[in-house]
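Residues per chain, in single letters:
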Amino acid sequence: MQKEVIVAGFGGQGVLFAGQVLTYAALHQGLEVTWIPSYGPEMRGGTANCTVVIADEEIGSPLVKKPTAVIALNLPSLNKYEKLVQPGGVLIVNQSMVDRIPERSDVTLVLIPANDIADELGSSKMLNMVVVGALLAHFPVVTLDSVEKALSEHLPAKHQHLLSLNGEALRRGYDFASQHAAVPA
Amino acid sequence: MTRELWKGNNAIAEAAVRAGLEAYFGYPITPQTEVLEYLSRRMPELGRVFVQAESELGAINMVYGAACTGVRVMSTSSSPGVSLMLEGLSYIAGTEVPAVLVNVMRGGPGLGNIAPAQGDYKQAVHGGGHGDYRQIVLAPASIQEAVDLMVLSFDLAEKYRTIVMLILDGSIGQMMEPVEMPPMQKVRRRDWDWATRGRDQHPNGERRFLTSIYLDPIEEEKTNLRLLKRWNIIQANEVRYKDYFLEDAEFVVIGFGTAGRVALSAVRAARAKGIKVGLFRPVTVSPFPFDAVRELVPRTRGFLVVEMNTGQMLDDVQVAIRGRVPIEFYGRPGGVVPLPEDILAEIERLSSDILSVDRDPRQEWFKRMSALTPAG
């Protein structure tokens, strides 16, 4: 078993931490996992992405051309990664930042207004947890439980007061995606 | 077994601390700066020495000085920074004191870029500073392996009074993986009979002298031969590698570090397609596992060398195989990381092409590569 997730968006959207939360969750479940960021001379507002590979055996390449799942938090990320999702995979799109409908009909597609949901929760920073929750509804490799456990253990100390809000964001995303997904025929 | 998630650079820093690192000297450069950042907090916390030197030259000469006193010492840098340290490394080699250096390699030559690369293989394995010396070079492919080899580096450096260099592709410095950290070792001041710790610290107040100057060529020749004698022991005893699916393999991929682990994905995919291919991944690239590669010759139809450069380890593989089996090459230089699909295509070509021992693998690859990425 090997599954790969690419999380992509603007710097500042919590892209790298979203990937790390999945990584910690996989570790909690006793799986093998790698997390690799696109690192470069990057800055806030630029593009950012990370690749998470989860497997039940020694992981070879930490980078993949065709991931099982993609979380696209903005239009450039959707444009870059939509065509690369494996057929039968999962594509989570932040509808709040994307003004086009994805073309893929052979993947499980979730269009989620993640910014709006995060704002409703009272913090735009919850955006990344909303989309992670949305992914988990269709990506049974890591569970909502282990992600919540990962959060409680690895949310930086200065953000621990936001733990319950993060949990709520995860569940809002999870519930939304459970109800609003286009599944391939 | 407790496994924790570590970023590569932080992980090797903590592993060095646990191996009893007593003094660290370094200078920031991407993609290894996290090592300094981590140790700048961790070393003072334990009452150990951390100095951010004024330059790489400063750092390596501080390493040299500390190494002469027999403490566990290291520096870390990335490609252009390591080039700046070569003079100091040569002096350390010539003085026969143990020291550890990590190179988190990036794209080059020159200022290059900060992407993962393996372009410093030749520098680490065949080059380095001036003069006739060799050093142990370890090439981990995962963070766990980097941690384990970090600890081993200090033991090997002291055992052979040599330089041990750990070469990590930038990606291993920057990525995160689960790691089981080694236990914390006590810092031990070993009573080396060569270390210059001050006459009052030496038995009977004996005078000790460490130098790399041998003005009499005969004495320098003896020194060179002593280094080679020691190297022969290292070559005989310290070769390390990992192999995968070699039992019935007709074709063998050889790659180190990140290129090696990407090749593992490709080999698995090729196996799923019924191709009998295995992977040989050198862990010590110096001493290179010549004998282990040579032993594969009688039962292998073709080798594929994969590197993130234009074919540097390829030369060593060719020395091992001596033209007895065809070799093909696939490389991505300049900071490009190959993907499993790319290597899988090469394996498929290898297993279906008519191979020849007379073709130059680098030139054949260059022709194919030029069609995709014009050299300009």
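Residues numbered from 1 in each chain as written. Chains lettered and ligands numbered in written order. Predicted model: local features only at pLDDT ≥ 70, side-chain atom pairs only at ≥ 80, totals over all residues. Heavy atoms only, no water.

**Student:** Looking at this model, I keep getting lost on the overall build of chain B. Mind explaining?
**Tutor:** In terms of regular secondary structure, chain B is built from 13 helices and 14 strands. Structurally, chain B occupies a C-alpha span of about 70 × 50 × 45 Å along its principal axes. In chain B, the share of contacts with a sequence separation of at least 24, taken over all contacts with a separation of at least 6, comes to 79%. As presented, chain B carries roughly 15100 Å² of accessible surface, and 53% of it is formed by carbon and sulfur atoms. Charged side chains of chain B number 43 positive and 46 negative; the gap between the two group centres comes to 3 Å. (Helix = DSSP H or I, 4+ residues; strand = E, 2+ residues; numbered from the N terminus. Contact = heavy atoms within 4.5 Å. Areas by Shrake-Rupley, 256 points an atom, 1.4 Å probe, with all protein chains shown as cover. Lys, Arg positive; Asp, Glu negative; His and termini not counted. Charge placed at Lys NZ, Arg CZ, Asp CG, Glu CD.)

**Student:** Please explain the pairing of strand β1 (residues 2–10) of chain A as it appears in this structure.
**Tutor:** Moving residue by residue along a regular strand, the side chains alternate between the two faces of the sheet. Residue and element names in this part refer to chain A. In terms of strand pairing, β1 meets strand β3 (residues 47–55) through 9 bridges, oriented antiparallel. Considered in β3, the bridge of Ala8 is made with Asn49. Inspection of the sheet shows β1 paired to strand β4 (residues 69–72) by 4 bridges, in the parallel sense. In the strand pairing of β4, Ile6 is matched with Val70. (Pairing = 2+ DSSP bridges.)

**Student:** What exactly am I supposed to notice about the pattern of salt bridges here?
**Tutor:** Should the charged atoms of two oppositely charged side chains come close, the side chains can pair. Residues and elements named next belong to chain B. In this structure the tally under the stated criterion is 40 salt bridges over all chains. Among the salt bridges present, the one from Arg208 reaches Glu206, with a minimum N-O distance of 2.8 Å. What makes Arg208 buried here is its relative accessible area of 13%. Close ionic contact of Arg362 with Asp315 constitutes a salt bridge, the shortest N to O distance being 2.9 Å. Note that Arg362 is positioned in helix α13 (residues 361–372) and Asp315 in helix α11 (residues 313–321), a separation of 47 residues in sequence. The class of Arg362 is partly exposed, set by a relative accessible area of 22%. Each of Glu328, Glu346, Arg349, Asp353, Arg359 and Arg368 takes part in salt bridges that share partners, so that together they form one network. (Salt bridge = Lys/Arg side-chain N within 4 Å of Asp/Glu carboxyl O. Buried < 20%, exposed > 50% of the residue type's maximum accessible area, 1.4 Å probe, protein only.)

**Student:** I tried to follow the interface of chain A and chain B on my own but got confused; where do I start?
**Tutor:** Frequently, the measure chosen for interface size is the accessible area that the parts lose on association. Taken together, the contact pairs 25 residues of chain A with 26 residues of chain B. Roughly 2100 Å² is buried in total at the junction of chain A and chain B, and carbon and sulfur atoms are behind 61% of that figure. At the junction of chain A with chain B, the criterion picks out 4 salt bridges. A:Glu58 is the partner of B:Lys242 in a salt bridge, and the nearest nitrogen-oxygen pair spans 3.9 Å. For the pair chain A and chain B, the number of links is 9 residue pairs in polar contact (both at pLDDT 80 or more). (Buried area = accessible area lost by both parts, 1.4 Å probe. Polar contact = N/O pair within 3.5 Å; in protein donor to acceptor, adjacent residues only side chain to side chain.)

**Student:** Help me out: how do you make sense of the domain arrangement of chain B in this one?
**Tutor:** Residue and element names in this part refer to chain B. Each assigned domain of chain B is listed here: domain 1 (4–237) and domain 2 (242–372). Using only C-alpha atoms to locate each centre, domain 1 and domain 2 end up separated by 29 Å. Taken residue by residue, the interface counts 31 residues in domain 1 and 26 residues in domain 2. Three residues stand out in domain 1 for area buried against domain 2, namely Gln118, Tyr121 and Ala141, and they jointly supply 31% of the buried area on that side. At the surface where domain 1 touches domain 2, the tally comes to 3 salt bridges. As a salt-bridge pair, Arg281 and Glu145 come within 2.7 Å of each other at their nearest N and O atoms. Only α5 (121–125), β6 (136–138), α6 (143–160), β7 (163–169), α7 (170–174) and α8 (217–237) provide two or more residues apiece to the side of domain 1 that touches domain 2. Looking at the side of domain 1 that touches domain 2 residue by residue, the class counts come to 17 nonpolar, 9 polar and 5 charged. (Domains from an automatic or database assignment. Nonpolar A, V, L, I, M, F, W, Y, C, P; charged D, E, K, R; others polar.)

**Student:** Help me understand the nonpolar core, please; the structure alone is not making it clear to me.
**Tutor:** A general trend in soluble globular proteins is that nonpolar side chains are found buried together. Counting residues in hydrophobic clusters, the biggest one holds 83 residues, and the most contacted among them are B:Ile167, B:Val253, B:Ile343 and B:Ile347. The residue makeup of this core includes at least three contributed by each of domain 1 (4–237) and domain 2 (242–372) of chain B. Not counting the four nearest positions on each side in its chain, B:Ile347 is found in contact with B:Val253, B:Ala266, B:Val267, B:Ala270, B:Ile275, B:Val277 and B:Leu304. With 52 residues, the next largest nonpolar core counts A:Val132, A:Phe139, A:Val142 and A:Leu165 among its residues. (Core = buried A, V, L, I, M, F, W, Y, C linked by side-chain atoms within 4.5 Å.)

**Student:** Explain the packing of aromatic side chains to me, please; I cannot follow it from the model alone.
**Tutor:** Geometry of an aromatic ring pair is reported as the spacing of the ring centres plus the angle between the planes. All names here are of chain B. The full count for this structure, using the stated rule, is 8 aromatic pairs over all chains. Measuring from ring centre to ring centre gives 5.0 Å for Phe329 and Trp365, while their planes differ by 85°; the resulting arrangement is edge-to-face. In this pair, Phe329 sits in strand β14 (residues 327–331) while Trp365 sits in helix α13, placing the two residues 36 residues apart along the sequence. We note that Phe329, like Trp365, is buried. (Phe/Tyr/Trp six-rings, centres within 6.5 Å; stacked < 30°, edge-to-face > 60°.)

**Student:** Looking at this model, I keep getting lost on unusual backbone geometry. Mind explaining?
**Tutor:** In terms of backbone geometry, most residues other than glycine have negative phi values and most peptide bonds are trans. Residues and elements named next belong to chain B. With an omega of 10°, the peptide bond running from Gly108 to Pro109 counts as cis. Checked against the element boundaries, Pro109 lands in the loop between β5 (99–105) and α5. Positive phi, close to 55°, is recorded for Asn204, a residue that is not glycine. Among the secondary structure elements, Asn204 is positioned in the loop between β8 (176–179) and α8. Judged by relative accessible area, Asn204 falls into the exposed class, the value being 83%. With a phi close to 50°, Arg322 is a non-glycine residue in the positive phi region. Here Arg322 is to be found in the loop between α11 and β14.

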